[in-house]
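# Commentary on secondary and tertiary structure
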Amino acid sequence: GAVSGNTVAATASYGISVEMGSSSRAELTVAENEVHDAVQRGISLLASNTYAVRSLLVAKDNRVWASGVGIYYYGSNSELEVEVSGNDLSGGTAGIYGQHDSGSNSYPYALTARVLGNWVHDTGGVGIEGYASYYSRFYAEVRGNRVEGNAGIGIYQHYVSGYAQHDAVLTLNRVLSNKSQ
């Protein structure tokens, strides 16, 4: 399915939100939308308790400005593949934020993220961030992005728990004039 060609403005929480749970599965693309002045998140892609059912969520060619976190993706106890590509993100609290949690070492679900060719600029925080916690496996490819003029770190990939696995490949990114490099 697709969510495309929309203009969403001045929302009290999220501009566009895709949420999955309870073993659901989706292949969905959020493309060519304009979102601005969404208080918490411009575009939000969430999967919670989908377990071993693998989904693909794509956010591409969107323009998001003045909207909390521009694009937020999150998986919890879920197999999830995410692509965030070709977006123009500016003026919010952060550009792109991804997180994966898996609550059990018996079932360490994975999130695979490709963050490609985005322009993340002039936000109030981190440009692109990826975070793994608990027993999760988080695989990230961050390639060909322009990250500039943000108040926080340009690109930040990290994990909190000794049990989490976070493998990130960062290549061919242009990271300039961020306040915390």
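Numbering of residues begins from 1 in every chain and follows the order in which that chain's sequence is written. The model is predicted, so local features are restricted to residues of pLDDT at least 70 and side-chain atom pairs to those at 80 or more, both for listing and for counting; the totals for chains, interfaces and linings are taken over all residues. Note that water and hydrogens are dropped before the side-chain values are worked out from all heavy atoms of the structure.

### Description of the overall build of the protein chain
Going along the chain from the N terminus, every DSSP run of H or I of four or more residues is numbered as a helix, and every run of E of two or more is numbered as a strand. Along its length, the protein chain carries zero helices and 18 strands. Taken against the 2.2 N^0.38 rule, which gives 16 Å for 181 residues, the C-alpha radius of gyration of the protein chain at 15 Å falls within 12% of a compact globule. Its C-alpha atoms put the protein chain at 40 × 35 × 25 Å along the principal axes. Among the 181 residues that make up the protein chain, the fraction classed as buried is 52%. Long-range contacts, defined here as pairs at least 24 residues apart, represent 86% of the contacts in the protein chain between residues at least 6 apart. In short, Shrake-Rupley with a 1.4 Å probe defines the accessible areas, and a residue's cover is counted only from the protein chains shown. Carbon and sulfur atoms make up 48% of the accessible area of the protein chain, which totals about 7700 Å². Where the 11 positive side-chain charges of the protein chain centre and where its 16 negative ones centre are 3 Å apart. Radius of gyration means the value over C-alpha atoms here, while the globule rule gives 2.2 Å times the residue count to the 0.38 power. Only protein chains enter the accessibility calculation, which uses a 1.4 Å probe; a residue is then buried when its area is under 20% of its type maximum, exposed when over 50%, and partly exposed in between. Whether two residues are in contact is decided by their heavy atoms: any pair within 4.5 Å suffices. His is not counted, nor are the chain ends, whereas Lys and Arg count as positive and Asp and Glu as negative. By convention, the point assigned to a charge is CZ for Arg, NZ for Lys, CD for Glu and CG for Asp.

### Focus on the side chain of Ser85
Position of Ser85 relative to the elements: it lies in strand 8 (residues 69-85). Residues in contact with Ser85, not counting those within four places in the same chain, are Ala59, Lys60, Asp61, Leu116 and Asn118.

### Details of the nonpolar core
Working definition of a nonpolar core: buried Ala, Val, Leu, Ile, Met, Phe, Trp, Tyr and Cys residues. They are joined through side-chain atoms within 4.5 Å. Core analysis: the biggest nonpolar cluster contains 34 residues, and Ile43, Leu45, Tyr73, Ile96 and Ile128 have the highest contact counts within it. Of all elements in the fold, only strand 3 (14-21), strand 4 (27-31), strand 5 (34-38), strand 6 (41-60), strand 8, strand 11 (110-116), strand 13 (128-134) and strand 14 (137-143) reach the threshold of two or more residues within this core. Discounting chain neighbours no more than four positions away, the residues touching Leu45 are Val18, Val30, Leu57, Ala59, Tyr72, Tyr73, Tyr74 and Val82. In this structure, Leu46, Tyr74, Ala94 and Tyr97 belong to the second largest nonpolar core, which totals seven residues.

### Points about empty space enclosed by the protein
Cavity and pocket criteria rest on a 1 Å grid covering protein atoms alone: a 1.4 Å probe that fits but cannot get out defines a cavity, protein on both sides within 12 Å along at least 5 of 7 lines defines an open pocket, and an atom within 4 Å of a point defines a lining residue. Grid points are joined across faces, edges and corners, and a volume is the space filled by probe spheres set on the points. Inspection of every chain in the model, using the stated rule, returns one cavity of 30 Å³ or more. By volume, the largest cavity is sized at about 30 Å³. Taken together, Val64, Trp65, Ala66, Ser67, Gly68, Val69, Gly70, Leu89, Ser90, Gly92, Ala94 and Thr123 make up the lining of the largest cavity.

### Quick notes on the packing of aromatic side chains
Aromatic pairing here means that ring centres of Phe, Tyr or Trp (its six-membered ring) are within 6.5 Å. Orientation follows from the plane angle: under 30 degrees is stacked, over 60 is edge-to-face, and everything else is tilted. Taken as a whole and judged by the stated rule, the model has four aromatic pairs. For the ring pair Tyr72 and Tyr74, a centre distance of 6.4 Å and an interplane angle of 25° mean the geometry is stacked. As far as burial versus exposure is concerned, Tyr72 and Tyr74 are alike and both buried. A ring pair is formed by Tyr73 and Phe138, whose centres lie 6.4 Å apart and whose planes are at 70°; its orientation type is edge-to-face. Here Tyr73 is found in strand 8, whereas its partner Phe138 is found in strand 14, with 65 residues between them in sequence. The class of Tyr73 is buried, set by a relative accessible area of 2%.

### A few points about the environment of Gln99
Relative to the elements of secondary structure, Gln99 occurs in strand 10 (residues 94-102). Between the C-alpha atoms of Gln99 and Ser136, which are 37 residues apart in sequence, the distance is 9.5 Å. Among all residues touching Gln99, those that are not within four sequence positions of it are Tyr73, Tyr74, Gly75, Leu111, Tyr131, Ser133 and Phe138. A 3.5 Å cut-off defines polar contacts: any pair of N or O atoms within that distance qualifies, except that in protein one atom must be a possible hydrogen donor and the other a possible acceptor, and neighbouring residues in sequence count only when both atoms are side-chain atoms. For Gln99, the side chain forms a polar contact with the side chain of Asp101, separated by 3.1 Å.

### Focus on the sheet that holds strand 2 (residues 7-11)
Two strands form a pair only when DSSP identifies at least two bridges running between them. The seven strands are arranged 2-5-7-9-12-15-18 in an open sheet whose pairing can be described as parallel. For this open sheet the edge positions go to strand 2 and strand 18 (174-176), each flanked by a neighbour on one side alone. Between one strand axis and the next, the sheet turns by 5° as a mean value, whatever way the strands run. Bridge analysis of strand 7 (residues 63-65) against strand 9 (residues 88-90) gives three bridges, and the strand direction is parallel. Bridging from a neighbouring strand, Arg63 pairs with Asp88 of strand 9. In this analysis an axis means a line fitted to C-alpha atoms, helices contributing only their contacting stretch, and an angle means the value between N-to-C directions, from 0 to 180 degrees.

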